[in-house]
There are 2 protein chains.
Amino acid sequence: MAKPELSALLSQKVAGTKSSPIRDILKLTENKNVISLNGGYPAPESFPIETIRKLTGIVIDKGPDIFQYQKTEGYQPLLDVLPSFLSRKNRQVISTSENIAITAGSQQALDIIGRLFIDPGDKIAVESPTYLGALQAFNPNHPQYIEIATDSDGIIPASLEQAFIDHPDIKFLYTIPTFQNPTGKTIPLSRRTEIADILKKYGKLAIEDDPYSETRFEGEDIPSLQSMAPDNVIHLFTFSKTFAPGFRIGGIVAPKDYIDEINKLKQGMELFTGGFDQALVAEYIKGGYLDEHVKRIAEIYRPRRDMMAQAITEHFPDIFDFTVSQGGLFIWVSLKKDAQQLASKINMKELLDEAIKAGVSFVPGAAFFANSKGNEIAMRLNFSNQSEENIVKGIRIIGELINGKLSLA
Amino acid sequence: MAKPELSALLSQKVAGTKSSPIRDILKLTENKNVISLNGGYPAPESFPIETIRKLTGIVIDKGPDIFQYQKTEGYQPLLDVLPSFLSRKNRQVISTSENIAITAGSQQALDIIGRLFIDPGDKIAVESPTYLGALQAFNPNHPQYIEIATDSDGIIPASLEQAFIDHPDIKFLYTIPTFQNPTGKTIPLSRRTEIADILKKYGKLAIEDDPYSETRFEGEDIPSLQSMAPDNVIHLFTFSKTFAPGFRIGGIVAPKDYIDEINKLKQGMELFTGGFDQALVAEYIKGGYLDEHVKRIAEIYRPRRDMMAQAITEHFPDIFDFTVSQGGLFIWVSLKKDAQQLASKINMKELLDEAIKAGVSFVPGAAFFANSKGNEIAMRLNFSNQSEENIVKGIRIIGELINGKLSLA
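None of the values given here were measured: they were computed from a predicted structure.

Draft legend 1. Representation of the interface of chain B and chain A within the structure. Across the boundary between the two partners, chain B contributes 88 residues, which contact 88 residues of chain A. Counting across the interface, chain B meets chain A through 6 salt bridges. Between arginine 53 of chain A and aspartate 61 of chain B there is a salt bridge, with its nearest N and O atoms 3.0 Å apart. Across the chain B-chain A interface, the total number found is 38 residue pairs in polar contact (both at pLDDT 80 or more). Counting residues per element, the side of chain B that touches chain A draws most heavily on helix H10 (residues 256-270) of chain B, which supplies 10 residues. Among the residues making up the side of chain B that touches chain A, the classes are represented as 35 nonpolar, 26 polar and 27 charged.

Draft legend 2. Representation of unusual backbone geometry. Residue and element names in this part refer to chain A. Cis geometry is adopted by the peptide bond preceding proline 129, which originates at serine 128 and carries an omega value of 5 degrees. Note on placement: proline 129 falls in the loop between strand E3 (123-127) and helix H6 (132-138). Phi at glutamine 92 is positive, roughly 55 degrees, even though this residue is not glycine. Turning to its location among the elements, glutamine 92 is positioned in the loop between helix H4 (76-86) and strand E2 (100-103). Positive phi, normally seen in glycine, also occurs at phenylalanine 179, with a value near 50 degrees. As for its position among the elements, phenylalanine 179 is in the loop between strand E7 (170-175) and helix H8 (189-202).

Draft legend 3. Representation of the relation of the copies chain B and chain A. The transformation that overlays chain B on chain A combines an axial shift of 0.0 Å with a rotation of 180 degrees, and the residual RMSD is 0.0 Å. Given the turn and translation reported, the copies of this chain are related as if by a two-fold rotation axis. Relative to the rotation axis, the closest C-alpha in chain B is found at threonine 56 of chain B, a distance of 3.6 Å. Both copies share a contact surface, since 100% of the interface residues of chain B are interface residues in chain A too.

Draft legend 4. Representation of helix H11 (residues 275-286) of chain B within the structure. Here H11 of chain B is 12 residues long and its end C-alpha atoms lie 16 Å apart, about the 16 Å a rise of 1.5 Å per residue gives. Most of H11 of chain B is tucked away, with 11 of its 12 residues classed as buried. Where H11 of chain B is concerned, the buried positions are Gly275, Phe276, Asp277, Gln278, Ala279, Leu280, Val281, Ala282, Glu283, Tyr284 and Ile285 of chain B. For H11 of chain B, the secondary structure elements touched by its buried residues are helix H3 (49-61) and helix H11 (275-286) of chain A together with helix H3 (49-61), helix H4 (76-86), strand E2 (100-103) and helix H12 (289-315) of chain B.

Rules and cut-offs
- Residues numbered from 1 in each chain as written.
- Chains lettered and ligands numbered in written order.
- Predicted model: local features only at pLDDT ≥ 70, side-chain atom pairs only at ≥ 80, totals over all residues.
- Heavy atoms only, no water.
- Contact = heavy atoms within 4.5 Å.
- Salt bridge = Lys/Arg side-chain N within 4 Å of Asp/Glu carboxyl O.
- Polar contact = N/O pair within 3.5 Å; in protein donor to acceptor, adjacent residues only side chain to side chain.
- Helix = DSSP H or I, 4+ residues; strand = E, 2+ residues; numbered from the N terminus.
- Nonpolar A, V, L, I, M, F, W, Y, C, P; charged D, E, K, R; others polar.
- Least-squares fit on C-alpha atoms with pLDDT ≥ 70 in both.
- Expected span 1.5 Å × (residues − 1).
- Buried < 20%, exposed > 50% of the residue type's maximum accessible area, 1.4 Å probe, protein only.

Here is the structure:
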């Protein structure tokens, strides 16, 4: 008669899995009256609706094959057009259609990477801080995270090398070299060369996650790590930021033997990625629409970033460092080194609760540290998904709340 | 300088993972001159192309939200319309929008089930034979399979009960009660009641995979196992057979606490299932197009099934049993009990190789046994994806090859 007890059935992989703080915050802020600075959402007004309409017509006219089961490897016309997309100046990735796997956005790529490489206790090197969604994808495999120190130019090469010396069994480095999530930081060219050399020297693998390099709105493109060490780097890409997230299309560039293993795993996971979505992206690239779109989002995002940076300067107390990057979606705010004595006065969870009540949300920094200490005084602020007016209003509210805490104490 | 050695990096989960025999056969038969009786593909001429065109227009007109990131739980208008779809006579599933999770087809549902419940060595009860894709989804979690004996009416309830007695630690039963893959068999009502009672008596969980119950072309609908034991049964559904596989939309019905765990896992896997595809399916159901389509595929599949059954009778030697089911996509051919002495004369791998050379493909039976003995004299034949003429031609070729083997020996 008994209902099976869920807790007795759950595998060790998922037992104790926590929901994402971002997801929880999103639920609290579904209310449209809350100014959400938390998600990494593109601006909805940037979505190329009329292009999508045109492309759906083109794809449907091609006849029934696109609606049938597809091979796991991907839709061939998309695979064929990707190497040229990947070789653009912002990536310079070296690839052929044979060493690319298609995934449902880059989140699925991260899930595949985690399942492919991580056994419980395996060591993974990550930036400190790093992308929360990658931690979520890797966590069910129970890795041990080795945090690599970063400065304003991202990963410090000496720290990475020391980690490979101290932990020769590190399975891979996970890094977002361009407009990092959450910090917005970009690793400069010279440092990338150093990192590539370290990977080669120690025979190590890096996962280079690049969802943002097309969102550059100023400065010079920097070649990918993959372009410097294609045997040592798996490169991830996505069209969520440059087409629309609602089409779940991303992918993995890796040596051919890796791609074969990826596709074997992927077949059991979902057989193949949606064919209609794959065909739409193929037409989107072939039609040259991506180039137009990238220009358009730069025009939208740049003033929003500027407005947010200015508002932070104006409304936050002068105890924070914050990043102003040349692209991407985020500004990262963190307590200055010489203001650490103020840390005890700010409880980030409390600040978030009060901010949501006052009509604005953000993501507290702790979520982005693999081995979080719990109350890192930092926050990730998204500028792509709100009007300039809302950005200023949101930042002002958060600033006032922080000032209140400091004066109270 | 070294390239990281892939074999040293692979996790124990995936090390030794084999590619699917179906996938390998599909590659061999991409050549359009081979009559493929192997895939479980719907008829491409059934795809509702003009409906799809209309629905894409409707969805695009709704504005940008559908192209944005969606909540992991699913697109609300789809969740809202599913309970009435699931309560149709062919399922009679008991659900609300709160206890449904959306997945990228039912393959992703199987992947989620495997990850959620299976630790290495855990016991899983499966039909003998069972769906190859489920084995592929479960295998990376390294379960131990307990095969449950079946007869012409599917699972034998006494065998299931004995398995629960012999192995009280079985985590779940995986079953496809309606038009089973690969056999086409359907468990009758009285036996479903018995199985539901056994599940309740032993407090056991069943995964009821139902991709086919809408493809019934004759006979009476039979309620799902879930309708008889909603606390003990997780029900899987998909629109791959009733809309088109190219839209990867399926789902899971389960008690609410299970759905919460599923969505936590799914968020790390891919954040959410494609919003555009979800919206298309929602409009497809709401517009009543599914009802029309189900009638249409019955009209296409029924004569194909009849033609295949007739051709088998005519061209195969009288040493096989074969199933003629009231729906689904497959006929299962297996050596009669009183012809087992002929088994040594037929090497199924050899037969398949010769068949492909002669222009027709099928899936050898061994692939569908969880604990395969290697040369089961059986084959799965798909009738949904070929013209009546091709079906007859394909069956004639296979029959001649088998006759040749028997007379040679």
